[in-house]
There are 2 protein chains.
Amino acid sequence: MKNQALILLDTVERLGNLLRVGLRQAGVAQSLQPIHLQALLYLNEANRYSNTPQALAEYLGLTKGTVSQSLLLLARRRLIARHADEKDGRVVRLALTDKGKEVLKELGLINVWRDALQAASPARLSSATKVLKEALATLQARNGHRTFGVCVTCRHNLHIGPRSYVCGLTKEKLSSREVSKICREHSPVEENAV
Amino acid sequence: MKNQALILLDTVERLGNLLRVGLRQAGVAQSLQPIHLQALLYLNEANRYSNTPQALAEYLGLTKGTVSQSLLLLARRRLIARHADEKDGRVVRLALTDKGKEVLKELGLINVWRDALQAASPARLSSATKVLKEALATLQARNGHRTFGVCVTCRHNLHIGPRSYVCGLTKEKLSSREVSKICREHSPVEENAV
DNA sequence: CTATCAAGTATCGACACGATACGTTTCGTG
DNA sequence: CACGAAACGTATCGTGTCGATACTTGATAG
């Protein structure tokens with residue numbers, strides 16, 4: 001009898017492979033590699049502190065040199081726009097162009113899972129998500145990776161009023177739309193006292 | 001409020017990426033790519049009907065030409081052995097060498113998850129596994145992929161006595177060790193009547 | 001002003017990956 | 001048996017990822 005955790009590992013690994021293969025096939029039409037689509041997906045969700053090459057490299061777990069090449073390709077295709085930061089001349093700000101957003105829409109990733117998970121009850125979905133999120137957080141912590149969560153779950157986030165937020169780290173106000181994006185500086189709230 | 005299934009998709013995708021990055025780092029010592037390690041892992045679990053280049057290609061979702069190249073590299077390194085099938089001159093049989101098994105041992109993949117999942121109760125683990133396995137099966141079915149399960153869960157498998165099995169497809173006897181390996185011809189038992 | 005560090009780019013080599021073409025073997029049909 | 005189709009595998013080529021290394025530029029500390 002194999003360890004239950006090992007079976008879960010195996011299942012996640014195979015699902016991950018399948019998703020990757022699916023991404024590859026989805027990108028064939030645009031002749032884009034999986035990594036390109038992942039970059040576009042990330043930029044679509046990244047907040048203003050996290051739309052840089054360095055942040056993307058950390059998110060994907062790759063080196064900045066590698067990511068730089070992929071970004072050059074995306075820029076050549078006019079799927080992303082690059083412009084220098086106003087404050088710091090070293091950093092490059094990345095943003096999806098309309099064409100880039102269009103590509104994401106055509107992917108239709110939502111459909112991929114809708115049928116695959118329709119048999120499962122919401123309670124089971126939520127339970128499974130919780131287990132995997134814990135595993136994800138643990139692995140990230142051990143490998144020194146950032147968590148890249150949304151502001152809502154971040155301990156720096158201060159809810160100062162209705163639809164009014166402030167990031168305790170940058171002292172800047174954030175819109176209610178902004179706090180549902182993912183951030184490089186994300187630090188999960190402690191949950192020891194459950 | 002985002003769809004719960006989408007959050008699970010995102011989590012699985014990120015876990016998959018993390019595992020892939022982990023595989024890459026684990027392979028640095030042997031200067032092996034993730035795909036090479038996945039091939040070794042597969043061959044370690046494949047039964048006698050499934051230890052061929054074609055089966056590996058289907059398992060990984062890649063083309064046979066691509067897989068052929070990776071196998072050439074593994075053979076050059078003496079991590080796998082290749083010899084022609086006795087019956088069918090077209091097929092090549094693959095097997096891990098002692099050196100290949102050694103590499104897998106040194107990876108120590110078990111440790112990766114032990115701490116990551118130690119917080120979760122067995123019941124939650126089992127529930128999460130069930131949800132993901134369903135998703136995996138659905139995705140595989142829709143994309144025409146094989147399931148690559150173990151014989152124990154296969155409808156072709158006949159339990160004819162204590163520790164005595166027969167595959168209904170090939171009419172061959174299988175040892176009790178063999179039925180816990182994964183098979184290219186695997187077809188899950190119907191579970192409509194749960 | 002200078003040393004140091006960080007963000008990003010450029011370049012190189014190894015190799016994954018798909019596409020295509022090819023050779024070999026098996027199998028079916030007349 | 002002969003012929004053609006199909007299956008398994010290999011060879012080759014082009015694109016592009018990926019890490020490593022070296023570099024350019026800008027920010028910062030002393």
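As a convention, each chain's residues are numbered from 1 in the sequence order in which they are written. As they are written, the chains are lettered A onward and the ligands numbered 1 onward, keeping that order. Under the rules for a predicted model, residues below a pLDDT of 70 receive no local features and side-chain atom pairs below 80 are neither given nor counted, while totals for whole chains, interfaces and linings still include all residues. Each side-chain value is worked out from all heavy atoms of the structure, with water and hydrogens disregarded.

J.: What should I look at first to understand the pairing of strand 3 (residues 157-161) of chain B in this one?
T.: Residue and element names in this part refer to chain B. When DSSP locates at least two bridges between a pair of strands, those strands are taken to pair. Under the scheme used here, helices are H or I runs from DSSP no shorter than 4 residues and strands are E runs no shorter than 2 residues, and both carry numbers assigned from the N terminus. Direction of pairing for strand 3 relative to strand 4 (residues 164-167): antiparallel, over a ladder of four bridges. Each bridged residue has a counterpart across the sheet, and for Asn-157 the counterpart in strand 4 is Cys-167. As consecutive antiparallel partners, strand 3 and strand 4 are separated by two residues, and within that stretch Arg-163 has a phi angle of approximately 55°, a positive value.

J.: How should I be thinking about the state of the cysteines in this particular structure?
T.: Each disulfide consists of a covalent bond between the sulfur atoms of two cysteine residues. The term disulfide is used for any two cysteine sulfur atoms that are within 2.5 Å. This model, assessed by the stated rule, comprises zero disulfides over all chains. No disulfide involves Cys-151 of chain A; its nearest neighbouring cysteine sulfur is the one of Cys-183 of chain A, lying 5.2 Å away. Cys-154 of chain B takes part in no disulfide bond, and the closest cysteine sulfur to it belongs to Cys-151 of chain B, at a distance of 6.2 Å. Owing to a relative accessible area of 9%, Cys-154 of chain B belongs among the buried residues under this scheme. Note on exposure labels: buried denotes an accessible area under 20% of the residue type's maximum, exposed denotes more than 50%, and partly exposed covers the range between, all computed with a 1.4 Å probe on protein chains only.

J.: I keep staring at the domain arrangement of chain A and nothing clicks. Help me out?
T.: Many authors give the size of an interface as the accessible area that is lost as the parts come together. All names here are of chain A. An automatic or database domain assignment supplies the start and end points of every domain. Looking at the assigned domains, one finds that chain A contains domain 1 (4-114) and domain 2 (122-180). One C-alpha centre belongs to domain 1, the other to domain 2; they are set 20 Å apart. Tallying the contact residues gives nine residues for domain 1 and 10 residues for domain 2. Interface area, domain 1 with domain 2, both sides summed: about 870 Å², of which 54% is carbon and sulfur. By definition, the buried area sums, over both parts, the 1.4 Å-probe accessible area that each loses when the two are put together. Considering only the surface of domain 1 that becomes buried against domain 2, Arg-48, Tyr-49 and Glu-58 emerge as the three largest contributors, covering 55% of it. Contacts described as polar in this section are N or O atom pairs within 3.5 Å, which, within protein, must combine one atom able to donate a hydrogen with one able to accept it, while residues neighboring in sequence count only if both atoms come from side chains. Inspection of the region where domain 1 meets domain 2 yields six residue pairs in polar contact (both at pLDDT 80 or more). Elements with a minimum of two residues in the side of domain 1 that touches domain 2: helix 1 (4-28) and helix 3 (53-60). Among the elements that line the side of domain 1 that touches domain 2, the one with the most residues is helix 3, at three residues. In this description, contact between two residues means that some pair of their heavy atoms is separated by no more than 4.5 Å.

J.: Explain the confidence of the model for chain A to me, please; I cannot follow it from the model alone.
T.: Any segment with low pLDDT has predicted coordinates that should not be analysed in fine detail. Residues of chain A with pLDDT of at least 70 account for 96%, and the chain-wide mean is 90. Looking over chain A, one finds the lowest element-wise mean pLDDT in helix 6 (residues 109-114) of chain A, namely 72, and the highest in strand 2 (residues 92-96) of chain A, namely 97. Per residue, pLDDT captures the predictor's confidence, and it can take any value from 0 to 100.

J.: Explain the interface of chain A and chain B to me, please; I cannot follow it from the model alone.
T.: Listed per partner, the contact involves 53 residues of chain A and 53 residues of chain B. For the chain A and chain B pair, buried surface summed over both sides reaches about 5400 Å², with 67% attributable to carbon and sulfur atoms. Just to be clear on terms, a salt bridge is a Lys or Arg side-chain nitrogen sitting within 4 Å of an Asp or Glu carboxyl oxygen. Here chain A and chain B share zero salt bridges between them. Our count for the contact surface shared by chain A and chain B stands at eight residue pairs in polar contact (both at pLDDT 80 or more). Elements that contribute at least two residues to the side of chain A that touches chain B include exactly helix 1, helix 3, helix 6 and helix 7 (122-142) of chain A.

J.: I'm lost on unusual backbone geometry in this one. Help?
T.: In terms of backbone geometry, most residues other than glycine have negative phi values and most peptide bonds are trans. A positive phi is found at Ser-31 of chain A, a non-glycine position, where the angle reads about 50°. Given the relative accessible area of 48%, Ser-31 of chain A is considered partly exposed. The phi dihedral of Arg-163 of chain B falls on the positive side, at around 55°, and the residue is not glycine. By secondary structure assignment, the location of Arg-163 of chain B is in the loop between strand 3 and strand 4. Classification of Arg-163 of chain B as exposed rests on a relative accessible area of 72%.

J.: Sorry if this is basic, but what is going on with the protein's contact with DNA strand C here?
T.: We call a residue near a molecule or strand when any one of its heavy atoms sits within 4 Å of it. With respect to spatial proximity, 22 residues lie near DNA strand C, and among them Gln-54, Lys-64 and Arg-82 of chain A together with His-36 and Arg-90 of chain B are the closest. Counting only atoms of DNA strand C within 4 Å of the protein, the sugar-phosphate share comes to 70%. In the environment of DNA strand C, a sugar or linking oxygen lies 3.4 Å from a nitrogen or oxygen atom belonging to the side chain of Arg-90 of chain A. In this structure, Val-92 of chain A approaches DNA strand C through a main-chain N or O atom, which is 3.0 Å from a phosphate oxygen. Sorting the residues of the surface near DNA strand C by element identifies helix 3 and helix 4 (64-76) of chain A together with helix 2 (34-45) of chain B as the ones contributing at least two each. Tallying contributions element by element places helix 4 of chain A first for the surface near DNA strand C, with four residues. Classifying every residue of the surface near DNA strand C gives six nonpolar, nine polar and seven charged. Residue polarity is assigned by list, with Asp, Glu, Lys and Arg as charged and Ala, Val, Leu, Ile, Met, Phe, Trp, Tyr, Cys and Pro as nonpolar; anything else, Gly included, falls into the polar class.

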